[in-house]
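Architecture and fold: a report
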Amino acid sequence: NGLNSVGLKRNGFPAETISILKRAYRLIFRSNLNVTQSVEKIRSELPMIDEVARLIKFIEGSERGIQL
């Protein structure tokens, strides 16, 4: 389980974008924070690139939440 970095590379995502997404993934799924705390930490610590903004929008718009 983890971020599909191989798929992202194959689809032309820059290495920097993949690195930021990996950090966001770790904050959400590997930290001891709940989802709300993870999203706030992502907002405060990571650059708000389009992919991260889309991830946050997905999480916040989910009616059933995400499974940690």
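Computed from a predicted model, the values in this text were never measured in an experiment. (Residues numbered from 1 in each chain as written. Predicted model: local features only at pLDDT ≥ 70, side-chain atom pairs only at ≥ 80, totals over all residues. Heavy atoms only, no water.)

So, on to the environment of Asn34. In this structure, Asn34 sits in the loop between helix 2 (15-30) and helix 3 (35-45). For Asn34, a relative accessible area of 39% translates into the label partly exposed. C-alpha separation for the pair Asn34 and Ala53, spaced 19 residues apart in sequence, amounts to 18 Å. For Asn34, the side chain forms a polar contact with the main-chain nitrogen of Gln37, separated by 2.8 Å. (Helix = DSSP H or I, 4+ residues; strand = E, 2+ residues; numbered from the N terminus. Buried < 20%, exposed > 50% of the residue type's maximum accessible area, 1.4 Å probe, protein only. Polar contact = N/O pair within 3.5 Å; in protein donor to acceptor, adjacent residues only side chain to side chain.)

An α-helix turns once every 3.6 residues. As a result, residues three or four positions apart point the same way. Helix length check: helix 4 (residues 50-61) (twelve residues) gives 16 Å between terminal C-alpha atoms against 16 Å at 1.5 Å per residue, within 8%. Of the residues making up helix 4, those classed as buried are Val52, Ile56 and Ile59. End-on, the buried residues of helix 4 take up no more than an arc of 65°, which puts them together on one face. For helix 4, the exposed residues set more than 90 degrees away from the buried face come down to Asp50, Arg54, Lys57, Phe58 and Gly61. Contacts made by the buried residues of helix 4 are with helix 2 and helix 3. (Expected span 1.5 Å × (residues − 1). Arc of directions from axis to C-beta. Contact = heavy atoms within 4.5 Å.)

In the structure shown here, the tally under the stated rule is one aromatic pair. Seen from their ring centres, Tyr25 and Phe29 are 4.8 Å apart, and the 35° between their planes marks the pair as tilted. Placement of the pair is Tyr25 and Phe29 together in helix 2, with a separation of four residues, close to one helical turn. Its relative accessible area of 17% is what places Tyr25 among the buried residues. (Phe/Tyr/Trp six-rings, centres within 6.5 Å; stacked < 30°, edge-to-face > 60°.)

On to the packing of helix 3 against helix 4, then. Interaxial distance between helix 3 and helix 4 falls to 11 Å at its minimum, and their mutual angle equals 160°. The orientation of helix 3 with respect to helix 4, classified from their angle, is roughly antiparallel. The chirality of how helix 3 crosses helix 4 is left-handed. Taking contact as the criterion, the partners of Val35, Val39, Ile42 and Arg43 in helix 3 are, on helix 4, Val52, Ile56, Ile59 and Glu60. (Axes fitted to C-alpha atoms, helices over the stretch in contact; angles between N-to-C directions. Parallel < 35°, antiparallel > 145°, perpendicular 65-115°, else oblique. Left-handed = near helix turned anticlockwise from the far one by under 90°.)

Position of Pro47 relative to the elements: it lies in the loop between helix 3 and helix 4. Residue classification places Pro47 among the partly exposed positions, given a relative accessible area of 39%. Along the primary structure Pro47 and Gln67 are separated by 20 residues, whereas in three dimensions their C-alpha atoms are 24 Å apart.

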